[in-house]
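Fold and contact review
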Amino acid sequence: MKILADAHIPYLRGVAEQLGDVEYLPGNRFSRESIQDKDALIVRTVTHFGKEILSGTNVKLICSATIGYDHIDTDYCDTHNIAWRTAPGCNANSVEQYVTASLLYLAEKHTFDLKDKTIGIVGVGNVGSKVEAACKKLGMRVLLNDPPRYEREKGREGEKAIFVDLETIKRESDIITLHTPLTKTGKHKTYHLADELFFNTLGKKPFIVNSCRGSVVDNAALKSALKTGKVSGAVIDCWENEPGIDPELLQLADIATPHIAGYSADGKWTATKMSLENLNDFFELSINPLRPLPLPSPENPVIDLKEIPAKKQLAYAIWQTYNPMDETKNLQENPDKFYWFRSHYPLRREYFAYQVTNADPEITPVLKQLGFHVQ
């Protein structure tokens, strides 16, 4: 079996060879010619897979090491006997880490306490659910909006009505964070969900966090809302027209990163593992067990809070695992390196890879609940 894999998918090289003859190319160099005789592709979101690239090829399966699939023309694939698979939930913990670190940064920069704030979570799937749990651990009031889930779950025996409508989110939230897929059609389409009308009808002046898909937010409308004070600030990981992002919006954002919220090593490792499992199952290869590569340890796996004031310990510990301001500075100074930053992303491990010492007793339970090992 012949496989073409994106050369920038980590923990794949030397493992995918268990399944067949593997060739590696950077994602932006995938073409009809390069995939012509391949049975399977292992991809990221860099290339769009539709008729233009797939027609006349031998491709039978596309495995995307991502949670989303807007880079795959699913209608074309479904009508041309090309199967496609994604890795749902693979980076949920990573995105939660990104959002939590960003919320703590906003609280410090704008001098407020997260316990006094209401956060509206739009999209409560794998990622949104993790963000919900983290925000509750931070003591925030949490509002949830997810129309598809509400329709599936309403009326279930013993179920509480946990969802609110978007108008309630807009009216009551101090922070709105978006975790929906990108859909351009249908009853609950999300393309430009946050548009000019959205920003013009907000009840407060919330902070906007987008770490799902760029076009869920109308970037021009967000820029206008920032400039006119309709929102208090923005955390932007996903942009319209990547990598050619709006330079003015880039400078206006509190946190601006190159679509890497889900880029923890743990999330990437899980996505790679799920892609290989999908390929193994589809072609009925019966390779068991698949042998993934081990994850490297973080450079400084012990976080000592001895000299850190108690009220700053939580933020300090989380920022030792991930600090979004480092990436914001890099991107704002070098916007033309958007794709380079993504392709050369440094090792980032999630909370459970770290051991925390000398934590204040009041902070210890929260650290443990988030996943840290606390001594």
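For the structure, check the block above.
First, a word on scope: everything that follows refers to the structure included in this document.

Each value, and the rule that gives it
- Going along each chain's sequence as written, the residues are numbered from 1 onward.
- Per-residue local features of the predicted model are confined to residues with pLDDT of at least 70, and side-chain atom pairs are confined, for both listing and counting, to 80 or more; whole-chain, interface and lining totals are unaffected and use all residues.
- The side-chain quantities take in all heavy atoms of the structure and omit both hydrogens and water.
- A strand pair is defined by DSSP finding two or more bridges across the two strands.
- A run of DSSP states H or I qualifies as a helix once it reaches four residues; a run of E qualifies as a strand once it reaches two. Both are numbered from the N-terminal end.
- For each residue, the accessible area found with a 1.4 Å probe, counting protein chains only, is set against the maximum for its type, and the residue is called buried under 20%, exposed over 50%, and partly exposed in between.
- Handedness of a crossover is defined as follows: orient the strands so they point away from the viewer, and if the path from the first strand over the helix to the second runs clockwise, the crossover is right-handed.

Strand order across the open sheet formed by 3 strands is β12-β13-β14, with parallel pairing between neighbours. The open sheet terminates on both sides in strands that have one partner only, identified here as β12 (302-304) and β14 (373-374). Pairing analysis gives 2 bridges linking strand β13 (residues 355-357) to β14, with the strands arranged parallel. Within β14, the residue paired with Val 356 across the bridge is Val 374.

Burial along strand β9 (residues 207-210) is two-sided: Phe 207 and Val 209 and Ile 208 and Asn 210, pointing in opposite directions, are all buried. Direction of pairing for strand β8 (residues 175-178) relative to β9: parallel, over a ladder of 4 bridges. Each residue of the ladder has a partner; that of Thr 177, found in β9, is Val 209. Across 4 bridges, the pairing between β9 and strand β10 (residues 233-236) is parallel. Note that in β10 the partner of Ile 208 across the bridge is Ala 234. Handedness of the crossover is the feature at issue here: the chain leaves β9, passes through helix α9 (residues 219-228), returns alongside β10, and the resulting connection is right-handed.

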